[in-house]
Amino acid sequence: MKKITGIAIVAVIVAGAGYLLYRNKANISEQAQEVADAGTDVKVRTMKVRNEVFGHDFTSNGVTQALNELNFVSDVQGRVVKIHVVNGSKVSRGQVLLEIDKELLQADYNANKAAYEALKKDEQRFARANEAGGVTSQQLDNIRTQLTAAESRLTVSAKRLADATVKSPMAGTINMRYVEPGSLIAPNAPLFDIVDDSRLKLTCNVPESRVRMLEKGQKVTLKGGTPEREFTGEISFVGIKTDRGLNYPVEIVLDNDENLQIGMYMKVQFTDASEAQGILVPRKAIVGSAKAANVYKVQGGKAVRQQVQLGDMSGDMVEILSGLKENDEIIVAGLMNVADGTQVTVVE
């Protein structure tokens, strides 16, 4: 009896679960149908395309950096005895930055100088003696060879002694100092990062189709900073070789402005005086990729997908080379809920 009762209870539970699944499925289907019904009437904004005259203006992006920047390394070996600058110090070209212990370098220079001066006197004495027949020409040539070698050693020792007083090769600001008094440095050891922030530059990338519009000395405008400001500059270099993205590097020197700083993200506006005529649509109206671009036209209250061929960019607009004609109505807002054949309602 108990066994029959247990089976009955299990049957009731299974039946109840089945009923709940059925009701949930019915509710889900009903909600899906409601969503589908709602999706057949999507509110969109549209525009009618026009055949108009436009310029070939375009933009590119970059980050400001110092016009001149140097990772200054050591030419000599020795122990640092004195440093004249700290991080943030303004320096001029030729200003002393640090001094290296020069006791041994001075002694080496003095010895080479003495040897050179002695050989110089010997060469003069041998020259007079050669004229009088007292020494041979070979003896004179030998002393002159020794004199040349001594002069070379003196020049090297003088250069080492001078390099022990390290001077700045450019004007700028000490951005980073890598040595401390007492440090033992070797040739090519990093000493300072020197940044000339009196002028800033920016490098951006320009595609092949645009680079022909640019030339050295051309004026450009730039926008950036917080809050956003407008700046001006001049093209100082147009690359002759593309990078891996098939873009050419273009360098711009910015005009001095107290609001400029190193590391600012900038949008560069390039302007071309030439004009063209064609159909322009907002970039936001394009769906798909550049090689497989589409727009949605409105025909008979429905969205109709239309493949288009893209041309030049002009600010926030893009040229349509084929796929549209004047007075076609295209969707420019509300595209997220639109598919081919979707019923749409145009709103202002």
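Residues numbered from 1 in each chain as written. Predicted model: local features only at pLDDT ≥ 70, side-chain atom pairs only at ≥ 80, totals over all residues. Heavy atoms only, no water.

## Describing the overall build of the protein chain
Put simply, the rule is: Under the scheme used here, helices are H or I runs from DSSP no shorter than 4 residues and strands are E runs no shorter than 2 residues, and both carry numbers assigned from the N terminus. Each residue gets one of three labels from its accessible area relative to the maximum for its type: buried under 20%, exposed over 50%, partly exposed in between, using a 1.4 Å probe on protein chains only. Contact definition: two residues touch when any of their heavy atoms are within 4.5 Å. Accessible areas in this description were obtained via Shrake-Rupley with a 1.4 Å probe; residue shielding takes into account the shown protein chains only.
On a plain count of helices and strands, the protein chain comes out with four helices and 21 strands. Residues classed as buried in the protein chain amount to 32% of the 348 residues present. Partitioning the contacts of the protein chain with sequence separation of at least 6, the portion at a separation of at least 24 is 72%. Accessible surface computed for the protein chain: about 21600 Å², of which carbon and sulfur atoms make up 51%.

## Section: the side chain of T342
The test is simple: In the analysis that follows, any N or O atom pair within 3.5 Å is treated as a polar contact, provided that within protein one partner can donate a hydrogen and the other can accept it, and provided that, for residues neighboring in sequence, both atoms belong to side chains.
Take T342: it is sitting in the loop between β20 (329–333) and β21 (344–346). Classification of T342 as buried rests on a relative accessible area of 11%. At 2.9 Å, the side chain of T342 and the backbone nitrogen of A339 are in polar contact.

## Thoughts on the pairing of strand β13 (residues 247–254)
Stated precisely, the cut-off is as follows: Think of it this way: DSSP has to see at least two bridges between two strands before they count as a pair.
Sheet analysis places strand β10 (residues 190–207) next to β13, joined by seven bridges and oriented antiparallel. Directly across from P207, in β13, lies its bridge partner N247. Across five bridges, strand β12 (residues 229–238) lies against β13 in antiparallel orientation. If you follow V238 over to β13, its bridge partner there is V250.

## Some points on the confidence of the model for the protein chain
This is how the line gets drawn: A score from 0 to 100, pLDDT tells how confident the predictor is in each residue.
For the protein chain, per-residue confidence averages 86 on the pLDDT scale, and residues scoring 70 or more make up 87% of the total. Long-range and interchain partners of residues 1–22, a stretch whose pLDDT sits below 50, account for zero contacts in this model, where long-range means more than four residues apart. Per-residue pLDDT stays below 50 along residues 28–39; that stretch engages in two contacts with residues further than four places along the chain or on separate chains.

## Description of unusual backbone geometry
What you tend to see is this: most non-glycine residues have negative phi, and most peptide bonds are trans. Cis geometry is adopted by the peptide bond preceding P227, which originates at T226 and carries an omega value of 0°. Mapped onto the secondary structure, P227 falls in the loop between β11 (219–224) and β12. Phi at L246 takes a positive value of approximately 60°, unusual for a residue other than glycine. Mapped onto the secondary structure, L246 falls in the loop between β12 and β13. A positive phi angle is found at N327, which is not glycine, with a value near 80°.

## Quick word on the sheet that holds strand β9 (residues 184–185)
Across the sheet, which stays open at both edges, the four strands sit in the order β7-β6-β4-β9 with antiparallel pairing between neighbours. Looking at strand neighbours, the two that pair on one side only are β7 (165–167) and β9, the edges of this open sheet. Two elements, strand β4 (residues 78–83) and β9, share two bridges in a ladder whose sense is antiparallel. Residue pairing for β9: R79 is matched across the bridge by L184.

## Comments concerning the pattern of salt bridges
Which entries qualify depends on this criterion: When a carboxyl oxygen of Asp or Glu is within 4 Å of a side-chain nitrogen of Lys or Arg, the pair counts as a salt bridge.
Applying the stated criterion to the full structure yields nine salt bridges. Note that E208 and R212 form a salt bridge whose closest N and O atoms lie 3.2 Å from each other. A relative accessible area of 63% places R212 in the exposed class.

## As for helix α2 (residues 103–132)
Just so we agree on the cut-off: Helix span, as expected, comes to 1.5 Å for every residue beyond the first.
Over its 30 residues, α2 runs 44 Å from end to end, which matches the ideal 44 Å to within 8%, given 1.5 Å per residue. Taken together, the buried positions of α2 are occupied by L105, Y109, N112, Y116, L119, E123 and A127. Downstream of α2 by one or two residues, G133 has phi in the positive range, about 90°.

## Points about the nonpolar core
Our working definition: Buried Ala, Val, Leu, Ile, Met, Phe, Trp, Tyr and Cys residues form a nonpolar core when they are joined through side-chain atoms within 4.5 Å.
Counting 30 residues, the largest nonpolar core has L97, L98, F192 and I194 as its most contacted members. Those elements that provide at least two residues to this core are β4, β6 (96–100), α2, α3 (137–163) and β10. For this core, the leading source of residues is α3, giving six residues. The residues touching L97, leaving out its near neighbours within four places in the chain, are F72, I83, H84, V85, V91, V166, K167, S168, I174, F192 and I194.

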